Amino acid sequence: MNILHGLLSKMLLLIVVVAVLSLAASYTFVSIQQKKNLQEDIEGLKRSHVEITQLLLFENQISEQILVLSDLSSKSPEQANQFLNSIWPQLQLSFSLSSMAFSNGERTFTFGRFPGDKLANLEALARSTKRPHSGILCHFMCELATTIPIDFQGSSWSFSTLSSLDASIRELNQFVGSDIGVLSPFDEPALNDKTLKRYIPEIMTGIEKNSALRNRILSDSELQKLENEGLQISVDRTDYFVWFEYFNGIEEDLKLMFIRDISPNLAQQREQKQQVIVIFVTLTFGILLFLILFSIIPISKINQLKRAIKLIGAKEYNIARYRLGKPGRATLPDELDDLEDEFRNAIDVLETYEQELSNSQKRLVRQATIDGITGLFTRNVLVEDLANMNRDEQIENVAIFFLDLDGFKPVNDNLGHEAGDIMLKKIGYRLKGVVNKFVRVYRIGGDEFVICYSNYEKETNLEQMADMVVELFSAPFHIYDTSITISASIGIAFQKALDIEPDTLLRYADIAMYQAKEDGKNCYAFFNDQMRESAQRRFSIKNDFIASLAADQLKVVFQPVVSAQTREVNKLEALCRWHHPEMGHIPPPVFIDVLEESENMNMLFEWIVGNVIQEILYLNSINMSHVVVSVNLSPSQLVNDTALTILQNQLKEYDIDAERIELEITETSLIMSFTQAKKWIEQATGMGFKIAIDDFGAGYSSLSYLTAFPYDTVKLDRSLLTNIDKDKRQQRIVGSLTQMLHGLAVPIVAEGAETEEHFEQLRILGCDYIQGYLISRPIAHEDLVLFFESQNTKAREVL
């Protein structure tokens, strides 16, 4: 049925969409109304249950039970006591009594374990008002207490009984149709149990038929809602509403659990929704049928125009005119006739501008290369623009601003890639604000942007532009009701227009951007020769690493950590050193930062762990199995399980306990990806590894970390301890930190002790362990034996 293709299908689709939207709106309205009605029904149900419970439990008198006491008036108190004692077993059995009492306030005869002190006020109230009173008393268990005034021997006495609630609860169950449980006020809910079984009832109706409901596991939010307002729970295609009601007891309040099957109410609502769907589906099909019947007539005209469109697309304009026929005037013209005229005009226009369109095609294709997320130009357009500037005599100079977002990855990791796309779109919108005749903006990668600034007057103009871009990121971005602050590191490189080499210029700006990141991020840096040398050095480090590792240019050294009290060695921190034959000593932060960008970081970590394992085996051989060896982790290792896999495999191979290794994690690493780092740390501690927070106090310190995940040690950063023997402020800060951490039962390691005065002051301030050049510089394995002998001698001198 070719004739249904095209305009008619779109109209049909429009009708379906409108019908679906109408159905959705009506369905939503009905759902909201039904939800409101259900809530009102539940509120009415709760009110009626409270009223009936008050009536049956608290206003139910047992005056019929005292008919057997009619002979008391002719007896003395002692005879009354004997009489009651003789009929006590019969009363206990007949009325399910647990105890009773006969009292005038001064003399009391009790039967069973009667809690006279708890019912004294109720008895006095009955004697004074000359009316029976009842209530719920929870002592050993919750029971119905009833007190009846009796005139006896010319004075006012009271006859009091305590009876089981079981019969009353079952009668209440039959009356209201809900299952009821009596919860003792003395039994707290089992906190570890997330089911209704956490509430232990003294009496519970329907306990067997509700077993599946009582076994249903609830979330913390569901348990809170259950306690506050009641909770709807679905089990085995049956819907229940469970709630609690509190009633004033004689001493303790009585807590009742009500369970109501509300499946009939919900079934009626579902039936109403089905009726709404049936009505709308029927209406939609009727409209569609009507549309098809009354749309056949213009189809032939549409097909004629469709064939003409194909000919126009093939640029066979004369044949298209022939297919349309000679132009004429219809008796009753309509929109299709107007469309035919427009077709004829379009053929004329297309013929006229075909050549112009052909010449402009290349330019239009380039303009169409727009980034789909931000609406900015792409990298291809940037390269082409730079190449054109090289040939444009009106352009004197060009500067490239290379922007890389700081902290964008956590947005994707924590909020999802959709949130990341929204962030990029908002950033693109802000960057468009700097666009003018001489400035264009491009997105060239995931979170990388480029600003091209041509014909600037002087370098100060570039600084002003960079300050403006930094300022663009000062205001937070709002995504999913979350306020996110993000910044950009900017690298700037510039050349004369005639000397432009697009790839070189971009690479220079990229190098300057990395320098801005090293300078602290959220800033900009201009490319210079020093950066060129630094980039070359990074390139050499990255490419020479594997060869250097094979050539034994890297080695592992160990810096001891001693007890502040005994100076006994408790730990060794494993550190990596690299002496390059051409570049000399390469500091660890430099080569670690380079290796983080590749898979070589895992290779280095595996090599370090292998050396640490051998060191632990050596320690075991010299009876120093109590010494723990710590290993530093880089930020990239906290976002995957590769490091843990390496550690597990090595420990398993040499049969070494995980507790012999302590993993040091810097606060900076936690900041970069806190959620993933927390999960990683919990997994590591679960395997038995010790965790140390390294460089605590270096600038990111947050007390929230101290409760967010498990750890075994906190290492104070050396920046807090530089003048600890003289600086009173440092002493107060360190003293407060040690006092707080000791309150959490966390050992403290102080780094950077260089003099005996440092050592002694740190010991006085409460540091448990001390590390620094005073104890030893990092030393190789070969020198550890001599160090241990020397340190043991010092330890004996201290003792």
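Rules of the game
- Residues numbered from 1 in each chain as written.
- Predicted model: local features only at pLDDT ≥ 70, side-chain atom pairs only at ≥ 80, totals over all residues.
- Heavy atoms only, no water.
- Core = buried A, V, L, I, M, F, W, Y, C linked by side-chain atoms within 4.5 Å.
- Buried < 20%, exposed > 50% of the residue type's maximum accessible area, 1.4 Å probe, protein only.
- Helix = DSSP H or I, 4+ residues; strand = E, 2+ residues; numbered from the N terminus.
- Contact = heavy atoms within 4.5 Å.
- Salt bridge = Lys/Arg side-chain N within 4 Å of Asp/Glu carboxyl O.
- Axes fitted to C-alpha atoms, helices over the stretch in contact; angles between N-to-C directions.
- Parallel < 35°, antiparallel > 145°, perpendicular 65-115°, else oblique.
- Nonpolar A, V, L, I, M, F, W, Y, C, P; charged D, E, K, R; others polar.
- Pairing = 2+ DSSP bridges.
- Phe/Tyr/Trp six-rings, centres within 6.5 Å; stacked < 30°, edge-to-face > 60°.

Draft legend 1. Highlighting the nonpolar core. With 78 residues, the main nonpolar core has Leu-604, Ile-661, Leu-663, Trp-680, Phe-689 and Phe-788 as its most contacted residues. Among the elements that line this core, the one with the most residues is helix 18 (residues 600–621), at 10 residues. Contacts of Leu-663, omitting those with residues within four sequence positions, involve Val-631, Leu-633, Leu-647, Trp-680, Ala-684, Phe-689, Lys-690, Ile-691 and Ala-692. Core analysis: the second largest hydrophobic core is formed by 32 residues, Ala-399, Ala-419, Met-423 and Phe-477 among them.

Draft legend 2. Quick look at the pattern of salt bridges. Under the defined criterion, the tally for this structure stands at 19 salt bridges. The salt bridge involving Asp-404 is made with Lys-517; its shortest N-O contact spans 2.9 Å. Residue Asp-404 is located in strand 11 (residues 397–406), and its partner Lys-517 is located in helix 15 (residues 502–518); the two are separated by 113 residues in the primary sequence. Residue Lys-715 pairs with Glu-573 through a salt bridge whose shortest N-O separation is 3.1 Å. Taken together, the residues span a long stretch of sequence, with Lys-715 in strand 24 (residues 713–716) and Glu-573 in strand 19 (residues 569–580) at a distance of 142 residues. Like Lys-715, the residue Glu-573 is buried in the burial classification.

Draft legend 3. Summary view of the packing of helix 19 (residues 642–654) against helix 21 (residues 674–687). One can describe the packing of helix 19 onto helix 21 by two numbers: an axis separation of 11 Å at closest approach and a directional angle of 10 degrees. Overall, the two elements helix 19 and helix 21 adopt an arrangement that is roughly parallel. Along the contact surface, helix 19 presents Ala-643, Leu-644 and Gln-648, while helix 21 presents Trp-680, Gln-683, Ala-684 and Met-687. In terms of residue class, the contact of helix 19 with helix 21 is made up of five nonpolar, two polar and no charged.

Draft legend 4. Expanded view of the sheet that holds strand 5 (residues 155–164). As summarised here, the arrangement of the five strands in space is 2-1-5-4-3, forming an open sheet in which the pairing is antiparallel. One side of each edge strand has no neighbouring strand; the edge strands of this open sheet are strand 2 (108–112) and strand 3 (133–138). Here the average twist between neighbouring strands, direction ignored, is 20 degrees. As judged from the five bridges shared by strand 1 (residues 97–103) and strand 2, these two strands associate in the antiparallel manner. Across the sheet, the residue bridging to Ser-103 is Thr-108, located in strand 2. Docked against the sheet, helix 3 (residues 116–129) engages strand 1, strand 3, strand 4 (142–152) and strand 5, running at close to 40 degrees with respect to strand 4.

Draft legend 5. Just the packing of aromatic side chains, in detail. A complete count under the given rule lists 17 aromatic pairs for this structure. Measuring from ring centre to ring centre gives 4.7 Å for Phe-102 and Trp-157, while their planes differ by 25 degrees; the resulting arrangement is stacked. In this pair, Phe-102 sits in strand 1 while Trp-157 sits in strand 5, placing the two residues 55 residues apart along the sequence. With a relative accessible area of 2%, Trp-157 lands in the buried category.

Draft legend 6. Looking closely at the sheet that holds strand 9 (residues 238–247). Across the sheet, which stays open at both edges, the five strands sit in the order 7-6-10-9-8 with antiparallel pairing between neighbours. Here the strands that pair on one side only, and so sit at the sheet edges, are strand 7 (201–204) and strand 8 (231–235). Neighbour to neighbour, the strand axes of the sheet diverge by 25 degrees on average, direction disregarded. Bridge count between strand 9 and strand 10 (residues 254–261): eight bridges; the pairing is antiparallel. The residue bridging Phe-244 from the neighbouring strand is Met-257, located in strand 10. Lying over the sheet, helix 4 (residues 166–176) contacts strand 6 (179–183), strand 7 and strand 10, oriented at roughly 150 degrees with respect to strand 6. Here helix 6 (residues 220–228) sits on the sheet in contact with strand 8, strand 9 and strand 10, set at roughly 55 degrees to strand 9.

Draft legend 7. The arrangement of the environment of Phe-449 in detail. Tracing the backbone shows Phe-449 in strand 13 (residues 448–454). With relative accessibility at 0%, the residue Phe-449 sits in the buried group. Measuring from C-alpha to C-alpha, the distance between Phe-449 and Leu-431 comes to 9.2 Å, with 18 residues separating the pair along the chain. In contact with Phe-449, other than residues within four places in its own chain, are Thr-374, Leu-376, Phe-401, Phe-402, Leu-403, Leu-405, Leu-424, Ile-427, Leu-431, Tyr-442 and Arg-443.

Draft legend 8. The pairing of strand 24, seen in detail. Here strand 24 shows a buried face lined by Thr-713 and Lys-715 and a second buried face lined by Val-714 and Leu-716. Sheet topology places strand 23 (residues 690–696) next to strand 24; three bridges connect them, and they run parallel. For Phe-696, the partnering residue across the bridge sits in strand 24 and is Leu-716. One ladder, built from three bridges, connects strand 24 with strand 25 (residues 748–751); its direction is parallel.

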